[in-house]
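Fold and geometry: a report
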Amino acid sequence: MINKCSTILICLVIFAFCKSNAQPYILQSVGLAKPFQLNLYFGDQGKGAFVRYVGQTGNIALRIKSYKRDTSGRSDGQPDDETFIWEEMIDGKVNGTYTLMHNINAVEKASYWRKKDVKKFNLLQLESKVEVGNDQYLLHGALISFNHFDHHKLSIQYADGKLFNTLLPSLDSPNPVRRSYIADYNFDGYDDIAFSIPDAGMGVYQEFSIFLYNQNSKRFEKLLEPDNSNAKCNCLCDVTLDPKKKLLFTACRGGARWWQDVYRFAPNNKLVWVRSKDLSK
């Protein structure tokens, strides 16, 4: 069981990690007479990534090829290292490869390999000279913009020019941090976007807002919270997935007990209650 002090420490670590890795990373080429700069954005496990070159218009989508997390440094108190390899996608074809390694402190290694002339460019992280703005992801051609700390606005700019604006639940808990996730929540083969904040009570679990991508409409649609009299939580809380069985789990605390509800998806993306379990036993 996690005690109160441990919970506070975990929250502070998460807060520090998000602050130190605020998007975007500003990278500049090394060793060129005329160096180029780019802004690199990416989300959960490198998904939703794209680059925006300084002096050029438009975003270039990056497809995650490899993601590794090295936890070996934990034994001596060192932070985890994350290594990403992305394929640069232009007109549906691979144009080059980006590699980046970072941890809670900074970018340690970054490079770009250009396919047309097999040339590699080493990249150096630069400190931002302006106030950090919104986090952004590029997912299914849609530019998703939000903020982990300062406000609860969500904006989605679709490839056809249509703009969707909404408000995420406000951050009411002490030292609030909004988390973001990219995963296939309804198991249809397309990644979705989700956000979570600590519950407004004791802050012991995360409350989720999930937006499912509809391949037919090319739009993100909000997943409705479950509504079933048999459920113990009736909320999208501490959401986890079982991709093999295509089940979605929620968990919450009621009094002195922790409960888990299990759902499956109906064809219309409605959550259908399967069973509930007392996790305190």
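My aim in this report is to walk through the structure given alongside it, one point at a time. (Residues numbered from 1 in each chain as written. Predicted model: local features only at pLDDT ≥ 70, side-chain atom pairs only at ≥ 80, totals over all residues. Heavy atoms only, no water.)

In this section: empty space enclosed by the protein. Evaluation of the coordinates by the stated rule reveals one cavity of 30 Å³ or more. By volume, the largest cavity is sized at about 40 Å³. The wall of the largest cavity is formed by L168, P169, R178, F195, S196, I197, E207, F208 and S209. (1 Å grid on protein atoms, 1.4 Å probe; cavity = no way out; pocket = protein on both sides within 12 Å on 5 of 7 lines; lining within 4 Å. Points joined across faces, edges and corners; volume = space filled by probe spheres on them.)

Strand order in the open sheet formed by four strands is β17-β18-β19-β20, and the pairing between neighbours is antiparallel. Strand pairing shows two members of the sheet lacking a second neighbour, β17 (240-242) and β20 (271-278), which therefore form its edges. Across this sheet, the average inter-strand angle for adjacent strands is 30 degrees, counted without regard to direction. Pairing between β17 and strand β18 (residues 247-254): three bridges, direction antiparallel. (Pairing = 2+ DSSP bridges. Helix = DSSP H or I, 4+ residues; strand = E, 2+ residues; numbered from the N terminus. Axes fitted to C-alpha atoms, helices over the stretch in contact; angles between N-to-C directions.)

The next thing to look at is the state of the cysteines. Disulfides are covalent bonds that link the sulfur atoms of two cysteine residues. Per the stated rule, a full pass over the model turns up two disulfides. Disulfide partner of C233: C252, at an S-S distance of 2.2 Å. Where C233 bonds to C252 through sulfur, the torsion about that S-S bond is close to -100 degrees, and the disulfide is left-handed. Of this pair, C233 sits in the loop between β16 (219-222) and β17 while C252 sits in strand β18, placing them 19 residues apart in sequence. The burial state of C233 is the same as that of C252; both residues are buried. (Disulfide = S-S within 2.5 Å. Buried < 20%, exposed > 50% of the residue type's maximum accessible area, 1.4 Å probe, protein only.)

Of note, F187 is a non-glycine position whose phi angle comes to about 60 degrees, a positive value. Looking at the secondary structure, you find F187 in the loop between β13 (179-183) and β14 (192-198). Even without being a glycine, N234 presents a positive backbone phi close to 50 degrees. Here N234 lies in the loop between β16 and β17.

As a further point, take the pairing of β18. Taken across its eight residues, β18 has six buried, putting it largely inside the fold. The antiparallel hairpin formed by β17 and β18 contains four residues in its connecting segment, where K246 sits at a positive phi of about 55 degrees. Strand direction decides the pairing type here: β18 and strand β19 (residues 257-265), joined by seven bridges, are antiparallel. Its bridge partner lying in β19, C252 is registered against W259. Connecting the antiparallel pair β18 and β19 is a turn made up of two residues, with G255 showing a positive phi of about 70 degrees.

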